[in-house]
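Chains, contacts and geometry: an overview
Here are the chains, one letter per residue:
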Amino acid sequence: MKKLFIFALMLMLSMSDLALGKVNPDQAPDEEEIGNFDFIYGTQDDLNEAFEKTEMIMSEAFSHMGARYRSGAKGPSAFDCSGFTSYVYKQQTDLFIGASSRDQYARNIPITRDELQSGDLVFFTSPRSGRGVGHVGIVVDVDPINNTFTFIHASTNNGITINSSTDSGYARRYIGARRVQQ
């Protein structure tokens, strides 16, 4: 589990501008350019705070890898899908994001698939929910080129695990995504 977390962290870091050589840490930023984008991205402090919160959420989620699935369980030794997502967010942000997957879908901010970021909630149908919301997970990583993502969730068969949006059991069942308002 530790290796998986380290791998995910290394993957995120390797894609940073600094790792790609696009940023010279000794060079002063171009204030005019930064000023043009502040209205979109916020201040550097806002970005750092958001990054730290996402890191804490992902760290909490990964710390439960392999925990078993149990219907209605809210953690920390066993979880159902919404119990897992609500537990992770409550532990790291002290926010109540909703008790059930349907409640989490209704309560949080709708976003499109191309807006997905690490830490967002993704929703799927389940065999018992028909076309409605029946399952939820937390986005781990996004591939904007292929419009795919990986997510961590409480699987009935495997407990807390990671899957891809391209996995046959999830690709056709995707409903939408939500961002937790912090």
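Residues numbered from 1 in each chain as written. Predicted model: local features only at pLDDT ≥ 70, side-chain atom pairs only at ≥ 80, totals over all residues. Heavy atoms only, no water.

All right, on to the pattern of salt bridges then. Tallied over the full model, the rule gives 5 salt bridges. When the shortest N-O distance is used, the salt bridge between D103 and R107 registers 3.6 Å. Taken as a pair, D103 and R107 lie in helix α5 (residues 101–107) at a separation of 4 residues, close to a single helical turn. Relative accessible area serves as the criterion here: at 45%, R107 is assigned to the partly exposed category. (Salt bridge = Lys/Arg side-chain N within 4 Å of Asp/Glu carboxyl O. Helix = DSSP H or I, 4+ residues; strand = E, 2+ residues; numbered from the N terminus. Buried < 20%, exposed > 50% of the residue type's maximum accessible area, 1.4 Å probe, protein only.)

Turning to the side chain of S155, a few remarks are in order. Note that S155 resides in strand β6 (residues 148–155). S155 sits in the buried class, given a relative accessible area of 8%. A distance of 3.2 Å separates a polar atom in the side chain of S155 from the backbone nitrogen of N158. Excluding residues that lie within four positions of it along the chain, S155 makes contacts with Y69 and T161. (Polar contact = N/O pair within 3.5 Å; in protein donor to acceptor, adjacent residues only side chain to side chain. Contact = heavy atoms within 4.5 Å.)

Right, let's talk about helix α4 (residues 81–93) for a bit. When the terminal C-alpha atoms of α4 are compared, their 18 Å separation across 13 residues agrees well with the 18 Å that a helix rising 1.5 Å per residue should span. Most of α4 sits inside the fold, with 10 of its 13 residues counted as buried. Along α4, the residues classified as buried are C81, S82, G83, F84, T85, S86, Y87, V88, Y89 and T93. (Expected span 1.5 Å × (residues − 1).)

Low pLDDT means the predicted atomic positions in that stretch should not be read closely. Summarising the model, the protein chain shows a mean pLDDT of 84, and 76% of its residues fall at 70 or more. Low pLDDT (under 50) marks residues 31–39, which in the prediction has 2 contacts with non-local residues, meaning those over four places away or in another chain. (pLDDT = per-residue confidence, 0-100.)

Strands sit in the order β3-β8-β4-β5-β6-β7 across an open sheet of 6 strands; the sheet is antiparallel. At either end of the open sheet lies a strand with only one pairing partner, and these are β3 (109–111) and β7 (159–164). Looking at each pair of strands side by side, their axes are set apart by 35° on average, direction ignored. Strands β5 (135–143), β6 and β7 of the sheet are contacted by helix α3 (residues 44–62), whose axis makes an angle of about 120° with β5. Running over the sheet, α4 touches β4 (121–124), β5, β6 and β7 and is turned about 60° from β5. (Pairing = 2+ DSSP bridges. Axes fitted to C-alpha atoms, helices over the stretch in contact; angles between N-to-C directions.)

What the rule picks out here adds up to 9 aromatic pairs. Ring geometry for F79 against Y87: centres 5.4 Å apart, planes inclined by 65°, an arrangement best described as edge-to-face. With respect to burial, F79 and Y87 carry one shared label: buried. Three or more aromatic residues joined by ring pairs form one cluster here, namely F124, F149, F151, Y170 and Y174. In this structure, R113 packs its charged tip against the face of Y174, placed 4.7 Å from the ring centre. (Phe/Tyr/Trp six-rings, centres within 6.5 Å; stacked < 30°, edge-to-face > 60°. Lys NZ or Arg CZ within 6 Å of the ring centre and 35° of its normal.)

So, on to the nonpolar core. Among the nonpolar cores identified, the biggest contains 22 residues, and F84, L121, I138 and I152 are the most heavily contacted of them. Those elements giving two or more residues to this core turn out to be α3, α4, β4, β5 and β6. The greatest single-element share of this core, amounting to 5 residues, is contributed by α4. Excluding residues within four positions of it along the chain, L121 makes contact with T85, Y89, I97, Q104, N108, V136, G137, I138, G176, A177, R178 and V180. Counting 10 residues, the second largest nonpolar core, distinct from the first, contains I111, F124, F149 and Y170. (Core = buried A, V, L, I, M, F, W, Y, C linked by side-chain atoms within 4.5 Å.)

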